Amino acid sequence: MSGSCHTACVLAEEYGAKVWVADNHRISVTLMESVFDAKCLASQGRTAKEIKECHRRG
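Conventions adopted
Residues numbered from 1 in each chain as written. Predicted model: local features only at pLDDT ≥ 70, side-chain atom pairs only at ≥ 80, totals over all residues. Heavy atoms only, no water. Helix = DSSP H or I, 4+ residues; strand = E, 2+ residues; numbered from the N terminus. Buried < 20%, exposed > 50% of the residue type's maximum accessible area, 1.4 Å probe, protein only. Areas by Shrake-Rupley, 256 points an atom, 1.4 Å probe, with all protein chains shown as cover. Polar contact = N/O pair within 3.5 Å; in protein donor to acceptor, adjacent residues only side chain to side chain. Contact = heavy atoms within 4.5 Å.

Glancing now at the overall build of the chain. Within the chain, the secondary structure is distributed over three helices and zero strands. Each helix and strand of the chain, placed in order from N terminus to C terminus, yields the pattern α-α-α. Looking at the chain residue by residue over its 58 residues, the buried ones come to 16%. In the structure as shown, the chain presents an accessible area of about 4,700 Å², 58% of it carried by carbon and sulfur atoms.

Structure follows, in structure tokens:
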């Protein structure tokens with residue numbers, strides 16, 4: 001999984017601030033919760049960078 005995350009980070013760099021990768025060390029069902037959390041934060045007007053920081057702390 002760490003290789004996949006690294007690849008995603010490298011690819012995200014090509015898109016500047018449009019794509020952010022948050023590695024919160026979760027997989028499977030708990031990863032789905034992270035996606036729902038991120039969607040909720042985005043609907044509250046949070047930026048991708050802010051959402052990433054929230055997931056690092058969580």
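Structurally, the position occupied by Lys52 is in helix H3 (residues 48-57). In this structure the side chain of Lys52 is engaged in a polar contact, spanning 3.4 Å, whose partner is the backbone oxygen of Val21. In this structure, Lys52 is in contact with Trp20, Val21 and Ala22, ignoring residues within four places of it in sequence.

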